[in-house]
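Residue-level structure breakdown
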Amino acid sequence: MLSDRVKRIVSRIFPLVPLVGLAALAGGCTGRPLRHRGRTLRAAPEPGEGWIAAGGPDASGLSDADRETLAELWLAQASEEHASIAAFSKLSIALQAMGAPPELLRRTHRAALEEIAHATLCYSAAQAYAGRPLSPGAMPELLRAEEGPSLQRMAIESLEDGCLGEGISALEADYRLSRATDPVVRRTLAAIARDEAGHAALAWDVLEWCLRAGGDPERRAVLRAADRLPGRFERAGSRSEAVAAHGQAADPQAQAKVRAFRDAVRDRARSLAGATMALSAA
Ligand SMILES: [Fe+2]
Ligand SMILES: [Fe+2]
């Protein structure tokens, strides 16, 4: 059974799940969202030690309010990291279905393994602050059939969820690392920042492969998607120094940084789509 405090933490996070979409992604979701049958899925947490690693952060000396805030934020991130595992599993199947080369498949599988590591680190952090172990529940919805992948959908999701979303996740983790002092939290954020930057780089390579393998309809769809990329960052509100020291600082410059990053992603996607269009016309 969940304690009342942990129930409160969970209920603050999970009523929001159906609202998590691209706009929210640009507003601070962590990593690649799991899209399935038109929804974004995350597993609800339940008591259990299955996803807890030894040696979590040191939560001693924190106020109850800071511990509760940290438990909520790390648990939300844990569920997003956990969802990213299946997002990469789905991407690997889509790539294989479309005849992608082995290097893209290798990197996609490696990314799924990195997301397992991120999820474990984040559930372990959530446990340290919540005072009890929480792990992800089952996701039977994933077994429900959905429409098969298409090059166009893979290209647009790579652009939105990878090039933009995981790129923003890397920036955000970097900022949080710059404010964090707990050594376990610092190691967690350093791994996440490094890996999310790698996942964004993979997304650019998947996008380029889709554009080369596809035709003008795919290129035009990517150009349209590039023009409507969101650059909004939901303000996180102020957070205490202790919360920042434990890895959950909110960057006061986030809005401007996200907008500048979005513009750079849009421009790069435009030139990539334009270059592959010119190549196919030559
Ligand atoms: Fe990722
Ligand atoms: Fe991740």
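Quick notes on the rules
- Residues numbered from 1 in each chain as written.
- Chains lettered and ligands numbered in written order.
- Predicted model: local features only at pLDDT ≥ 70, side-chain atom pairs only at ≥ 80, totals over all residues.
- Helix = DSSP H or I, 4+ residues; strand = E, 2+ residues; numbered from the N terminus.
- Buried ≥ 20, exposed ≤ 12 C-beta atoms within 10 Å, placed from the backbone.
- Contact = placed C-beta atoms within 7 Å.
- Expected span 1.5 Å × (residues − 1).
- Arc of directions from axis to C-beta.
- Core = buried A, V, L, I, M, F, W, Y, C linked by C-beta atoms within 7 Å.
- pLDDT = per-residue confidence, 0-100.
- Axes fitted to C-alpha atoms, helices over the stretch in contact; angles between N-to-C directions.
- Parallel < 35°, antiparallel > 145°, perpendicular 65-115°, else oblique.
- Left-handed = near helix turned anticlockwise from the far one by under 90°.
- Nonpolar A, V, L, I, M, F, W, Y, C, P; charged D, E, K, R; others polar.

When helices and strands are tallied, the chain shows 9 helices and 4 strands. Along the chain, helices and strands appear, N-terminal first, in the series α-α-β-β-β-α-α-β-α-α-α-α-α. Looking at the chain as a whole, 46% of its 282 residues qualify as buried. For the chain, long-range pairs separated by at least 24 residues make up 85% of all intrachain contacts whose partners lie at least 6 apart in sequence.

Let us look at unusual backbone geometry. Positive phi, close to 50°, is recorded for Arg37, a residue that is not glycine. Looking at the element boundaries, Arg37 is found in the loop between strand E1 (34-36) and strand E2 (39-41). Residue classification places Arg37 among the exposed residues on the basis of 11 C-beta atoms within 10 Å.

In a regular helix each residue adds 1.5 Å, so 12 residues correspond to 16 Å; helix H7 (residues 216-227) covers 17 Å between its end C-alpha atoms and thus fits that length. Looking at H7, one finds that the buried residues are Glu218, Arg219, Ala221, Val222, Ala225 and Ala226. Summarising the axial view, the buried residues of H7 lie within an arc of 160°, below the 170-degree limit, and thus occupy one face. Along H7, exposed side chains directed more than 90 degrees from the buried face belong to Asp216, Pro217, Arg224 and Asp227.

This paragraph deals with the nonpolar core. Judged by nonpolar contacts, the single largest core of 65 residues is most densely connected at Trp74, Leu75, Ala126, Ala155, Leu159, Leu207 and Val222. Those elements that provide at least two residues to this core are helix H1 (4-13), helix H3 (64-97), helix H4 (102-130), helix H5 (151-179), helix H6 (183-213), H7 and helix H9 (254-281). Once residues lying within four places of it in the same chain are set aside, the contact partners of Ala155 are Leu207, Cys210, Leu211, Gly214, Glu218, Ala221 and Val222.

This next bit is on the environment of Gly165. With respect to the helices and strands, the residue Gly165 is situated in helix H5. Sequence spacing of Gly165 and Arg262 is 97 residues, and the spatial spacing of their C-alpha atoms is 9.4 Å.

This brings us to the confidence of the model for the chain. Per-residue pLDDT for the chain has a mean of 90; in total, 89% of the residues score no lower than 70. Across residues 16-28 the pLDDT falls below 50, and counting only partners more than four positions away or on other chains, this stretch makes 29 contacts in the model.

Before going further, it helps to spend a moment on the packing of H5 against H7. Closest axis-to-axis distance for the H5/H7 pair is 9 Å, and the angle between their directions is 25°. Here H5 is positioned roughly parallel relative to H7, judged by the angle of their axes. At the point where H5 passes H7, the crossing takes the right-handed sense. Two secondary-structure elements touch here, H5 through Leu151, Gln152, Ala155, Ile156, Leu159 and Glu160 and H7 through Pro217, Glu218, Ala221, Val222, Ala225 and Ala226. Residue classes in the contact of H5 with H7 are distributed as 9 nonpolar, 1 polar and 2 charged.

Attention now moves to the packing of H4 against H6. Contact geometry for H4 and H6: axes closest at 10 Å, N-to-C directions at 155°. Put simply, H4 runs roughly antiparallel to H6. Relative to H6, the crossing made by H4 is left-handed. Contacts between H4 and H6 involve Leu104, Arg107, Thr108, Ala111, Glu114, Ala117, His118, Leu121 and Ala125 from the former and Val185, Thr188, Ala191, Ile192, Asp195, His199, Leu202, Asp205, Val206 and Trp209 from the latter.

Turning our eyes to something else, we now look at H4. Here H4 spans 42 Å end to end across 29 residues, near enough to the 42 Å set by a 1.5 Å rise per residue. Of the residues trailing H4, Gly131 is marked for its positive phi of about 85°.

So, about the environment of Ala264. Topologically, Ala264 is positioned in helix H9. For the pair Ala264 and Leu164, spaced 100 residues apart in the sequence, the C-alpha separation amounts to 9.4 Å.

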